[in-house]
Amino acid sequence: MAVLDVRGPRRRPAGARSRRRPGRWVLVAGLTALAILMVFPLYWMVVSALTPGGQSQSGTFSLFPTRPTFENYTQVFSTQPVWRWLGNSALITSVGTALSVVVSLMAGYALAKFRFMGRGLLYSAFLVTIMIPIQVTLVPSFLVVAKIGLVDSPGR
């Protein structure tokens, strides 16, 4: 008579090290190189912002600013209404997000809980609009907003 083991698969002790495959190091090195490649434009933007005027466009290439300075930031913040731009962006994004969440919650609740005529058609319309990439509707949406007169309107 065979004894059935119902304890499940054996587990390694907590302190035991697992064997690593040799290909894992290649994968980690490749992913690290890709991560550095993806972060480099952000790094270059910061380096260019901290270099004195014109040095980032000069013929010499340097990964580190020779004389980092915040003069570019003080000049921009003193000559342009950056705080107003940031406030407008925060207002528009927060109101847009709140409206989107409220409408989505109400539509989702209505579609899940109520049975009404045209429910399947409305659900299909929602799915179709989700499948359309935002890049396709970007220019027509801008043209509509421009015709209404809402371009550059908040905080002018």
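Everything numeric here is computed off the predicted structure, so don't read it as measured data.

Turning to the overall build of the protein, a few remarks are in order. A count of helices and strands for the protein gives five helices and zero strands. Within the protein, the fraction of its 156 residues that count as buried is 5%. Look at the contacts in the protein between residues 6 or more apart in sequence, and 17% of them connect residues 24 or more apart. Surface exposure of the protein reaches about 14,200 Å², of which carbon and sulfur atoms provide 70%.

Turn by turn, an α-helix covers 3.6 residues, leaving residues three or four places apart pointing in a common direction. With 32 residues, helix α3 (residues 82-113) ought to run about 46 Å at 1.5 Å a step, and its terminal C-alpha atoms sit 46 Å apart, in line with that. Along α3, the residues that are buried comprise Val82, Asn88 and Leu111. For α3, the secondary structure elements touched by its buried residues are α2 (71-79) and α4 (119-131).

Before going further, it helps to examine a nonpolar patch on the surface. The grouping of Leu27, Leu31, Leu34, Leu37, Met38, Val39, Leu42, Met45 and Val46 at the surface amounts to a nonpolar patch, some 910 Å² of accessible area in total. Structurally, Met45 is set in helix α1 (residues 22-50).

This paragraph deals with the confidence of the model for the protein. With 82% of its residues at a pLDDT of 70 or more, the protein has an overall mean of 85. The least confident element of the protein is α2, whose mean pLDDT is 91; the most confident is α3, at 94.

Quick notes on the rules
- Residues numbered from 1 in each chain as written.
- Predicted model: local features only at pLDDT ≥ 70, side-chain atom pairs only at ≥ 80, totals over all residues.
- Heavy atoms only, no water.
- Helix = DSSP H or I, 4+ residues; strand = E, 2+ residues; numbered from the N terminus.
- Buried < 20%, exposed > 50% of the residue type's maximum accessible area, 1.4 Å probe, protein only.
- Contact = heavy atoms within 4.5 Å.
- Areas by Shrake-Rupley, 256 points an atom, 1.4 Å probe, with all protein chains shown as cover.
- Expected span 1.5 Å × (residues − 1).
- Patch = residues over 30% accessible without salt bridge, like charges linked within 9 Å, V, L, I, M, F, W, Y side chains within 5 Å.
- Salt bridge = Lys/Arg side-chain N within 4 Å of Asp/Glu carboxyl O.
- pLDDT = per-residue confidence, 0-100.

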